[in-house]
Amino acid sequence: MHTIKQLSVFIENKTGELSDFTHVLSKNGISIKSILLADSTDFGLVRTIVDNPEKAKALLEDNGFSVRFTDVFGVKIDDVVGSFDKVVTSLSKSNINIQYTYSFYESDIGIFIFSVEKDRFKDAVKSLLDDNLEVVSASHFYK
């Protein structure tokens, strides 16, 4: 299964809000595997992958956070020039729009997380697999 459940969490753009968010997760034994924080004047949007998304969502909602799931996929790449280009070229030639992407690294291997339109998700994964690119299994992140 290639579908990774990313948590998208709205937080106020004020001191301590991110700490409140991370504290809920850490005190309940949930590990953050990847995180991206985007901001605007009034609020922030945390996009994160955790090792137990269902539990994290429930806990965060119980603590007053607005949370939704977004289906994303990860592509493993080597840390060499051109690796990212291969991935985005594969999606582009299949006419798949990338809504956003972010990355994280494990040792000498990088994993890029991608969001694409829901109706093109399976097409995107197929395009990457057809081009012999390694799409990461969701179990890579989960307990």
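These figures come from a predicted structure and were not determined experimentally.

1. Some words on the packing of helix 3 (residues 83-93) against helix 4 (residues 121-130)
Between two packed helices, what matters for the description is the angle formed by their axes and the separation of those axes.
For step 1, the next point in the chain: Interhelical geometry of helix 3 versus helix 4 gives an angle of 125° and a closest axis separation of 9 Å. The orientation of helix 3 with respect to helix 4, classified from their angle, is oblique. The way helix 3 lies across helix 4 gives a crossing that is right-handed. Side by side, helix 3 and helix 4 meet where Val87, Ser90 and Leu91 of the first sit next to Ala124, Ser127 and Leu128 of the second.
For step 2, the next point in the chain: Residue composition of the contact of helix 3 with helix 4, by class: 4 nonpolar, 2 polar and no charged.

2. Considering the domain arrangement of the chain
For step 1, the next point in the chain: Each assigned domain of the chain is listed here: domain 1 (4-70) and domain 2 (73-135).
For step 2, the next point in the chain: A straight line from the C-alpha centre of domain 1 to that of domain 2 covers 24 Å.
For step 3, the next point in the chain: Across the boundary between the two partners, domain 1 contributes 9 residues, which contact 8 residues of domain 2.
For step 4, the next point in the chain: Roughly 650 Å² is buried in total at the junction of domain 1 and domain 2, and carbon and sulfur atoms are behind 59% of that figure.

Here is what the cut-offs are and how they apply
- Residues numbered from 1 in each chain as written.
- Predicted model: local features only at pLDDT ≥ 70, side-chain atom pairs only at ≥ 80, totals over all residues.
- Heavy atoms only, no water.
- Axes fitted to C-alpha atoms, helices over the stretch in contact; angles between N-to-C directions.
- Helix = DSSP H or I, 4+ residues; strand = E, 2+ residues; numbered from the N terminus.
- Parallel < 35°, antiparallel > 145°, perpendicular 65-115°, else oblique.
- Left-handed = near helix turned anticlockwise from the far one by under 90°.
- Contact = heavy atoms within 4.5 Å.
- Nonpolar A, V, L, I, M, F, W, Y, C, P; charged D, E, K, R; others polar.
- Domains from an automatic or database assignment.
- Buried area = accessible area lost by both parts, 1.4 Å probe.

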